[in-house]
Amino acid sequence: MYNLLTSVVTVGIAVFLAIYNTGFIQVVTLGGTVLGAFLIALVCGLAAWGVQKIGSRPVRLALKVVACSLALAGVLHYLPGYRLAAGFGGPSLVLVLCIGTALLNEYIFERGI
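The residue numbers shown here count from 1 along each chain, following its written sequence. Local features are withheld for residues below a pLDDT of 70 in this predicted model, meaning they are given only at 70 or higher, and side-chain atom pairs are given and counted only at 80 or more; totals for whole chains, interfaces and linings count all residues. Side-chain numbers here rest on the full set of heavy atoms in the structure, without hydrogens or water.

## What to know about the pattern of salt bridges
- Salt bridges are defined as contacts in which a side-chain nitrogen from Lys or Arg sits within 4 Å of a carboxyl oxygen from Asp or Glu. Inspection of every chain in the model, using the stated rule, returns four salt bridges.
- Ionic pairing is found between glutamate 106 and arginine 57, a salt bridge with its closest N-O pair at 3.7 Å. Remark: arginine 57 occurs in helix H3 (residues 57–78) and glutamate 106 occurs in helix H4 (residues 89–111); sequence separation between them is 49 residues.
- In this structure glutamate 106 comes out as buried when scored by relative accessible area, which is 3%.
- Exposure classes here rest on a 1.4 Å probe applied to the protein chains alone. A residue is buried below 20% of its type maximum, exposed above 50%, and partly exposed in between. A relative accessible area of 40% means that arginine 57 is categorised as partly exposed.
- Arginine 111 is the salt-bridge partner of glutamate 110, the closest N and O atoms lying 4.0 Å from each other.
- It is possible to trace a salt-bridge network through shared partners that takes in Arg57, Arg60, Lys64 and Glu106. Each helix corresponds to a stretch of at least 4 residues labelled H or I by DSSP, and each strand to a stretch of at least 2 residues labelled E; elements are numbered beginning at the N terminus.

Following this line, the structure appears as structure tokens:
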């Protein structure tokens, strides 16, 4: 249970900093940024907790990346004030963010932090 809490807090801070410090995902308010980062971190943490019993590490990582990308797409679509920048930067930030959260969750649940 502590791994899940650690995962949600750590990934939430990382996602918040990624959204807040880059201009690729534009958010109108600070509260919207915090809410979006928390929702993404919660979905990523629950997905990481749910797939930790799968034996194959590449499959686990792929499922975590998919869960993160679906959570990010849901936040971008349903929360008001979120806008993904057009061009190459926005989708590449989404890809890097999803891979980074998957690796971070893998490290947290593997080490038992």
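## Things to note about the packing of H3 against H4
- Note on definitions: angles span 0 to 180 degrees between N-to-C directions of axes, and those axes are lines fitted to C-alpha atoms, for helices only across the stretch in contact. It is the contact of H3 with H4, at a shortest axis distance of 8 Å, that shows an interaxial angle of 130°. In terms of orientation, H3 lies oblique with respect to H4. With respect to the hand of their crossing, H3 and H4 are arranged in right-handed fashion. Here Arg57, Arg60, Leu61, Lys64, Val65, Cys68, Ser69 and Leu72 of H3 lie close against H4, whose contacting residues are Val94, Leu97, Cys98, Ile99, Thr101, Ala102, Leu103, Asn105, Glu106 and Glu110.
- Along the lines of polarity and charge, the residues of the contact of H3 with H4 split into ten nonpolar, three polar and five charged. When describing relative orientation, an angle under 35 degrees is termed roughly parallel and one over 145 degrees roughly antiparallel, while 65 to 115 degrees is termed roughly perpendicular and anything else oblique. Should the near helix be turned anticlockwise from the far one by less than a right angle, the crossing is left-handed, and should it be turned clockwise, the crossing is right-handed. Note on definitions: a residue-residue contact is assigned when non-hydrogen atoms from the two residues lie within 4.5 Å. Residues are sorted three ways: Asp, Glu, Lys and Arg are charged, Ala, Val, Leu, Ile, Met, Phe, Trp, Tyr, Cys and Pro are nonpolar, and all the rest, Gly among them, are polar.

## As for the side chain of threonine 101
- Counting through the fold element by element, threonine 101 comes out in helix H4.
- Judged by its relative accessible area of 3%, threonine 101 falls in the buried class.
- Excluding anything up to four places from it in sequence, threonine 101 contacts Val11, Val15, Cys44 and Cys68.

## Remarks on the packing of helix H1 (residues 2–21) against H4
- Put simply, H1 and H4 touch, their axes get as near as 10 Å, and they point 155° apart. Between H1 and H4, the crossing angle belongs to the class labelled roughly antiparallel. Viewed along their axes, H1 and H4 form a crossing whose handedness is right-handed. Mapping the contact onto sequence places Asn3, Leu4, Thr6, Ser7, Thr10, Val11, Val15 and Ala18 in H1 and Leu97, Thr101, Leu104, Asn105, Ile108 and Phe109 in H4.

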